[in-house]
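Listed here are the chains, written in short residue letters.
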Amino acid sequence: MKTRTGLAFLAPALILFGVFVLYPMLTAFSYAFFEWQGTSRQGFAGLSNFSALVNRAPFKTDLPTALLHNVLFFVGTMLVQNTIGLSVATLLHRRARTRRMLQTLYAMPYLVSPIVIGYLWTLLLSPTFGPVNQLLTKIGLEQFALPWLGDPKTALWVVILVSVWQWVGFPVLLYGAALGGVPEELTEAARVDGASHGQVFRKITFPLLIPAIGTVSVLTFIFAMEAFALPFAFGGSTGNPAGSTDFVSLLFYRSAFDSGAVDAIGTSSALATVLFLIIFGGAMAATKVLRRHERRMAS
Amino acid sequence: MTTTLTAADAAPTGLETSGASGASGRRPRRRRGSSASDPVGGVGASILLWGYAVLALAPLVIMVLNSFRTNADFITNPLGLPTSPTVAAYKEAWTVGSFGTYFVNSLAVTAGAVAISTAVSTMAAYGLARSRARIFRWIESLFLSGLMLPIHLAILPVFFLFDGFGLIDSRLGLALMYAAAGVPFSIFVLTTFFRQLPEELEEAAVLDGASPWQTFWRIMVPMVRPALATVAVFRFVPIWNDFLYPLVLLRSESKYTLPVGLTNFFGENATNYSALFAGLVITTIPLIVLFLFATKQIVAGLTAGMSK
């Protein structure tokens, strides 16, 4: 194909992507380095917007808490979701008849909007009319019929577990695909040599799954750092109760659109830049480690 | 004599039988152990797996069941079943709660975005797959870098961009935004597909005097139809569900999409449980329908997400 023809085919996508994604993404950073008076841009601000994130209310108090919640969200999701996902995928492996059916059922909640999921579980866990607490009372577990979402000590964990419930079908699918790629001769040979299922899994299957686990970790990291809609549905933009479900994206939304601060654009852009660096840097570093690991496995 | 013999014969036989049955009880298990082709964990695992399936679906089933009850019925017995099912909650949500309007808005924005995104990405993917010049590799990596970009963080510049174009509070603007955001994933999947098609196809078409556009439209596009379905279906879900962009970019209630409309409705009707459940079902139903018709595409899309 001639270069000019090729470019003609590319033009519409380039324009659309350039105008609505690349340009805003690049300017997002530049916003953070200027002083702002409402919507009018003033002089160059150096790093003063960034230092405001450390020194000034509400960032001084809210940012560390929110960031901690993002990290807990990531760690909790990794531990619970990966464990369940990997176990389920291992159990499903070789169940040729039911695997597809079950994989599909597990993936169903992923389809549902996080907003719907958040409101649905708010209704289900409602202390007065919630079916969950009604059921717990009925089967004699009154001591667990608590206002799970109303208590600042438990609310964050409800958010995390609900998110795991929604997304678990994803690692099940990915680990299922990765397990399909483990050469049968290897596991078969080990079994013939008298290795137990557990040994085969630890010594052969698991090491071969590490690239898939790494990929899931990177995607989970990005997902956890961006968390917005689900916590919004549970605790509104302020992370109720008492800021216990606050996340960095919620703080960003509040400071950009709800704060009324005169330099809101500058500080919230600085916050977006920091979050971007965390996400991009984290994802890049993890991918690099993974590649190195893959090279070592191959050699 | 014969009887004792029989008895004597019978005794070992009995022993043997019990031994055999014991062995046959153990032997298949041993065989199962040594062969890798049997499921791990046996019946216990099956029960666990189906139990988990129930856990995955129960909340969604409860949501649907309660949407067919009256509010008074739900409050008196939250665990009850819809013994006399009624669609009153749906009527209320659809008209009083404006879910009819939100539904149409969501459908227009999502379908429009998917159509635009798939169209421009298919063209671009074809151009990328069939061009040799170095600039194309550069453009391709530019697009692919978009796979990792957390575009929600660009909401402020997008807001001002839209303000400049007069696109604030515009459903078309929202659709264009989503279309652009879908370009990297669509190009990523489609380029791989186009590269797998033999170039002889186009060479033959060129010999027959077809223009590049005719070759693309008449010959290449029909051949990547399965990939188009995957891309379109897989992009539909996140756009339908997206919350931040309509929350920030739409102003008038008559233009709200379902997730934002739902938030609005929840704020005003926090105790009208059955109508809330109906609203949740209305927001979810198109995706369930899509899923039932296109399970294969969605699963393919999820797995393609892995390789990014």
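Everything numeric here is computed off the predicted structure, so don't read it as measured data.

Moving on, we get to the overall build of chain A. Each helix and strand in chain A was counted, giving 13 helices and 2 strands. For chain A, the C-alpha atoms occupy an extent of roughly 75 × 70 × 35 Å along the three principal directions. Looking at chain A residue by residue over its 299 residues, the buried ones come to 52%. Restricting to contacts in chain A with at least 6 residues of sequence separation, those with at least 24 account for 66%. When the accessible surface of chain A is summed, it comes to about 13,300 Å², and 67% of that surface belongs to carbon and sulfur atoms. Charged side chains of chain A number 21 positive and 13 negative; the gap between the two group centres comes to 8 Å.

Let's shift gears to the interface of chain B and chain A. Chain B puts 98 residues into the contact, and the matching count from chain A is 88 residues. Together chain B and chain A conceal approximately 8,700 Å² of surface at their shared face, both sides included; 83% is due to carbon and sulfur atoms. For the interface between chain B and chain A, the tally reads 0 salt bridges. Our count for the chain B to chain A interface comes out at 6 residue pairs in polar contact (both at pLDDT 80 or more). Top element by residues in the side of chain B that touches chain A is helix 2 (residues 42-67) of chain B. It accounts for 14 residues. Across the side of chain B that touches chain A, the residue classes break down as 77 nonpolar, 18 polar and 3 charged.

What follows is about the pairing of strand 1 (residues 34-37) of chain A. The alternating pattern of strand 1 of chain A places F34(A) and W36(A) on a buried face, while none of E35(A) and Q37(A), on the opposite face, is buried. Between the end of strand 1 of chain A and the start of strand 2 (residues 40-44) of chain A, which pair antiparallel, lie 2 residues, with G38(A) showing a positive phi angle near 65°.

This brings us to the UniProt feature "transmembrane region" (unreviewed entry) in chain A. When the UniProt feature table is mapped onto this chain, "transmembrane region" (unreviewed entry) is found at residues 7-34, 71-92, 104-124, 155-177, 208-234 and 270-290 of chain A. The span residues 208-234 of chain A is 93% helix and 0% strand, and its two end C-alpha atoms sit 38 Å from each other.

Following both chains from N to C, one finds helix 1 (residues 3-31) of chain A and helix 5 (residues 99-129) of chain B inclined at 140°, their axes separated by 7 Å at the closest point. Taken together, the axis directions place helix 1 of chain A and helix 5 of chain B in an arrangement best described as oblique. Handedness of the helix 1 of chain A/helix 5 of chain B crossing: left-handed. Taken together, the residues of helix 5 of chain B that come into contact with helix 1 of chain A (itself represented by G6(A), A8(A), F9(A), L10(A), P12(A), A13(A) and L16(A)) are I116(B), V120(B), M123(B), A124(B), Y126(B), G127(B) and L128(B). Here the contact of helix 1 of chain A with helix 5 of chain B is composed, by residue class, of 12 nonpolar, 2 polar and no charged.

Okay, the packing of aromatic side chains next. For any pair of aromatic rings, the description consists of the separation of the ring centres together with the inter-plane angle of the planes. Within this structure, the stated rule accounts for 46 aromatic pairs over all chains. Where Y119(A) meets F266(B), the ring centres are 3.8 Å apart and the plane angle is 15°; that geometry is what we call stacked. Within this pair, whereas Y119(A) is found in helix 5 (residues 114-124), its partner F266(B) is found in helix 13 (residues 258-268), the two belonging to separate chains. Accessibility assignment for this pair places Y119(A) and F266(B) in one class, buried. For the pair F185(B) and F234(B), a centre-to-centre distance of 5.2 Å together with 35° between the ring planes defines the contact as tilted. In this pair, F185(B) is assigned in helix 8 (residues 171-196) and F234(B) in helix 11 (residues 225-241), connecting sequence segments 49 residues apart. Here F185(B) matches F234(B) in class, with each residue buried. In this structure an aromatic cluster arises from ring pairing among Y31(A), W36(A), F228(A), F232(A), Y253(A), F257(A), F159(B), F160(B) and F243(B). Directly above the aromatic system of F34(A) lies the positively charged group of R41(A), at a separation of 4.3 Å from the ring centroid.

With that settled, consider a nonpolar patch on the surface. Residues and elements named next belong to chain A. On the surface, V71, V75, L79, V80 and L161 cluster together to form a nonpolar patch covering roughly 400 Å² of accessible area. A per-element tally of the nonpolar patch places helix 3 (residues 59-92) first, with 4 residues. Taking the relative accessible area as the measure of exposure, L79 reaches 56% and is therefore exposed.

Let us look at the UniProt feature "domain: ABC transmembrane type-1" (unreviewed entry) in chain A. On the UniProt side, "domain: ABC transmembrane type-1" (unreviewed entry) is annotated at positions that read residues 67-286 of chain A here. Annotation note: span residues 67-286 of chain A, helix share 75%, strand share 0%, distance between end C-alpha atoms 19 Å.

What follows covers unusual backbone geometry. Residue A57(A) is joined to P58(A) through a cis peptide bond whose omega torsion reads 0°. Inspection of the secondary structure assignment puts P58(A) in the loop between helix 2 (48-55) and helix 3. The omega torsion across N240(A) and P241(A) is -5°, close enough to zero to call that bond cis. Along the polypeptide, P241(A) turns up in the loop between helix 11 (229-235) and helix 12 (248-258). A positive phi angle is found at A242(A), which is not glycine, with a value near 50°. Here A242(A) is to be found in the loop between helix 11 and helix 12. One non-glycine residue with positive phi stands out, namely S98(B), at about 60°.

All names here are of chain B. Look at the UniProt record and you will see "transmembrane region" (unreviewed entry) annotated at residues 40-65, 107-129, 141-162, 174-194, 215-237 and 273-294. End-to-end, the C-alpha atoms of residues 215-237 are 31 Å apart, and along that stretch the chain is 96% helix and 0% strand. Helix and strand shares over residues 273-294 are 95% and 0% respectively, and the end C-alpha atoms of the span are 31 Å apart.

Reading the values: the criteria
- Residues numbered from 1 in each chain as written.
- Chains lettered and ligands numbered in written order.
- Predicted model: local features only at pLDDT ≥ 70, side-chain atom pairs only at ≥ 80, totals over all residues.
- Heavy atoms only, no water.
- Helix = DSSP H or I, 4+ residues; strand = E, 2+ residues; numbered from the N terminus.
- Buried < 20%, exposed > 50% of the residue type's maximum accessible area, 1.4 Å probe, protein only.
- Contact = heavy atoms within 4.5 Å.
- Areas by Shrake-Rupley, 256 points an atom, 1.4 Å probe, with all protein chains shown as cover.
- Lys, Arg positive; Asp, Glu negative; His and termini not counted.
- Charge placed at Lys NZ, Arg CZ, Asp CG, Glu CD.
- Buried area = accessible area lost by both parts, 1.4 Å probe.
- Salt bridge = Lys/Arg side-chain N within 4 Å of Asp/Glu carboxyl O.
- Polar contact = N/O pair within 3.5 Å; in protein donor to acceptor, adjacent residues only side chain to side chain.
- Nonpolar A, V, L, I, M, F, W, Y, C, P; charged D, E, K, R; others polar.
- Pairing = 2+ DSSP bridges.
- UniProt positions renumbered as here; feature names shortened; annotations may be inferred.
- Axes fitted to C-alpha atoms, helices over the stretch in contact; angles between N-to-C directions.
- Parallel < 35°, antiparallel > 145°, perpendicular 65-115°, else oblique.
- Left-handed = near helix turned anticlockwise from the far one by under 90°.
- Phe/Tyr/Trp six-rings, centres within 6.5 Å; stacked < 30°, edge-to-face > 60°.
- Lys NZ or Arg CZ within 6 Å of the ring centre and 35° of its normal.
- Patch = residues over 30% accessible without salt bridge, like charges linked within 9 Å, V, L, I, M, F, W, Y side chains within 5 Å.

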